[in-house]
Amino acid sequence: MEAAVSISNIKDRVVFGESVIGPISFSVSDDSSTSSPLNVTPASGDQTIISNKDILVTGSGTDRALLISKVKRPGIPVNISITVQGPRGATAITTFAVTSFSGSTIIVDNLDSDFSSVGDWKESAAIDEVQGSSIYAGSGTSVATYTPSELESGNYNVLAWWSGQLLQGKTLARASNVIYEVTHGLSKEIIQIDQGSQSGQWISLGIFDFDGFGGESVTVSAPHSLSSLTVSADAIAFVPEKDF
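Below is a summary of the structure that appears in this document. The shown structure was predicted, so the numbers you read here are calculated from the model rather than taken from an experiment. (Residues numbered from 1 in each chain as written. Predicted model: local features only at pLDDT ≥ 70, side-chain atom pairs only at ≥ 80, totals over all residues. Heavy atoms only, no water.)

Focus: the layout of surface pockets
Reasoning step 1: For the largest pocket, the calculated volume is near 280 Å³.
Reasoning step 2: Of the residues in the lining of the largest pocket, the class split is 4 nonpolar, 4 polar and 4 charged. (1 Å grid on protein atoms, 1.4 Å probe; cavity = no way out; pocket = protein on both sides within 12 Å on 5 of 7 lines; lining within 4 Å. Points joined across faces, edges and corners; volume = space filled by probe spheres on them. Nonpolar A, V, L, I, M, F, W, Y, C, P; charged D, E, K, R; others polar.)

So, unusual backbone geometry
Reasoning step 1: For the bond running from Gly 22 to Pro 23, omega is 5°, close enough to zero to count as cis.
Reasoning step 2: Relative to the helices and strands, Pro 23 resides in strand 3 (residues 21-30).
Reasoning step 3: If you check the backbone angles, Gln 168 has positive phi at about 65° while not being a glycine.
Reasoning step 4: One can find Gln 168 in the loop between strand 14 (154-161) and strand 15 (178-184).
Reasoning step 5: Judged by relative accessible area, Gln 168 falls into the exposed class, the value being 75%.
Reasoning step 6: Its identity is not glycine, yet Gln 198 carries a phi of approximately 65°, on the positive side.
Reasoning step 7: For Gln 198, the location among the structural elements is in the loop between strand 16 (187-193) and strand 17 (203-210).
Reasoning step 8: Classification of Gln 198 as partly exposed rests on a relative accessible area of 45%. (Helix = DSSP H or I, 4+ residues; strand = E, 2+ residues; numbered from the N terminus. Buried < 20%, exposed > 50% of the residue type's maximum accessible area, 1.4 Å probe, protein only.)

Here we look at the nonpolar core
Nonpolar side chains in soluble globular proteins generally cluster together in the buried interior.
Reasoning step 1: Grouped together as the largest cluster of nonpolar side chains are 30 residues, with contacts concentrated most on Tyr 180, Leu 205 and Phe 238.
Reasoning step 2: Of the residues forming this core, the biggest block, 4 residues, is contributed by strand 17.
Reasoning step 3: Those residues in contact with Phe 238, other than ones at most four positions away along the chain, are Ser 104, Thr 105, Ile 106, Val 108, Pro 148, Leu 151, Tyr 156, Asn 157, Val 158, Phe 210 and Val 218.
Reasoning step 4: The next biggest cluster of nonpolar side chains, apart from the first, holds 23 residues, and it includes Ile 10, Ile 21, Ile 50 and Phe 96. (Core = buried A, V, L, I, M, F, W, Y, C linked by side-chain atoms within 4.5 Å. Contact = heavy atoms within 4.5 Å.)

Remarks on the sheet that holds strand 3
Reasoning step 1: On the basis of which strands lie adjacent, the open sheet formed by 4 strands has the order 1-3-6-5 and antiparallel pairing. The open sheet terminates on both sides in strands that have one partner only, identified here as strand 1 (5-7) and strand 5 (55-60). Adjacent strand axes in the sheet meet at a mean angle of 25° when their direction is disregarded.
Reasoning step 2: Both strand 3 and strand 6 (residues 63-68) contribute to a ladder of 5 bridges, which runs antiparallel. Pairing of Ile 21 across the sheet is with Ile 68, part of strand 6. (Pairing = 2+ DSSP bridges. Axes fitted to C-alpha atoms, helices over the stretch in contact; angles between N-to-C directions.)

A look at the sheet that holds strand 13 (residues 143-146)
Reasoning step 1: Spatially, the 5 strands line up as an open sheet ordered 10-13-18-15-16, and their pairing is antiparallel. At either end of the open sheet lies a strand with only one pairing partner, and these are strand 10 (115-118) and strand 16. Neighbouring strand axes in the sheet, compared pairwise and without regard to direction, differ in orientation by 20° on average.
Reasoning step 2: Relative to strand 18 (residues 217-221), strand 13 runs antiparallel, the two being bridged by 4 bridges. In the strand pairing of strand 18, Val 143 is matched with Ser 221.

Some words on the packing of aromatic side chains
Reasoning step 1: A full pass over the atoms with the stated rule returns 5 aromatic pairs.
Reasoning step 2: For the ring pair Tyr 156 and Phe 210, a centre distance of 5.7 Å and an interplane angle of 80° mean the geometry is edge-to-face. Taken as a pair, Tyr 156 in strand 14 and Phe 210 in strand 17 lie far apart in primary sequence, 54 residues in all.
Reasoning step 3: The class of Tyr 156 is buried, set by a relative accessible area of 6%.
Reasoning step 4: Pairing Trp 161 with Trp 202 gives two aromatic rings, centres 5.2 Å apart and planes at 70°, and the pair type is edge-to-face. Taken together, the positions of Trp 161 in strand 14 and Trp 202 in the loop between strand 16 and strand 17 put the pair 41 residues apart, joining distant regions of the chain. In terms of burial, Trp 161 and Trp 202 fall into one category: buried.
Reasoning step 5: One aromatic cluster is present, formed by Phe 101, Trp 161 and Trp 202 through successive ring pairs. (Phe/Tyr/Trp six-rings, centres within 6.5 Å; stacked < 30°, edge-to-face > 60°.)

Regarding the pattern of salt bridges
Reasoning step 1: Tallied over the entire structure, the rule returns 3 salt bridges.
Reasoning step 2: Across the salt bridge formed by Asp 54 and Lys 53, the nearest N and O atoms sit 3.6 Å from each other.
Reasoning step 3: Of the charged contacts in the structure, one is a salt bridge between Glu 181 and Lys 188, with a shortest N-O distance of 3.9 Å.
Reasoning step 4: By relative accessible area, Lys 188 is classed as exposed at 57%. (Salt bridge = Lys/Arg side-chain N within 4 Å of Asp/Glu carboxyl O.)

See below:
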């Protein structure tokens, strides 16, 4: 009978201002009685952002670690898979997402002082959240506002993160017509987003020119009563032009 191999799960990683990501520790094992080494191979899901040649696995035996030496485009999640193969060909795979931001990226989360809300918002039971928390509402009168106090003048790629996943693979019923309003300088831009998909990742709302004089913001709301559907408010990232 072919010996089974296993690899531990690795949680998704969001890192800031790190030139090298890691070491990210994990373990591998098999149930064979042979002393042959296990072959561990990492792979990036997007070679234009993280190249396979920039991923290194260190260690031996059951204890291993992964290092990522270069991220070409920050602010975009990349799936990293690690495959372990036993001496008789049995394999096991684990996959996790890495999102790397420069040190100058500004993230405003629903737990931060630069966040405010009005209306009937409640803590979400979702598991795909930034900092382990997000809130939700079901009324168009509920508005969440992200006002980055440290924003300087310049162009920024504005990214939104909303939650929607529950345990055991279940999903929450998020609205398909969620309104994001970006106030930058003297302008306001409205972007309609379908929160029924792509939860638990950074999604670009667009590139905007901010003057950095204060009061600039991003709001999230629903246009009307949603009955059984809900709107998520989790985090907004402001990635400066030099980093994209």
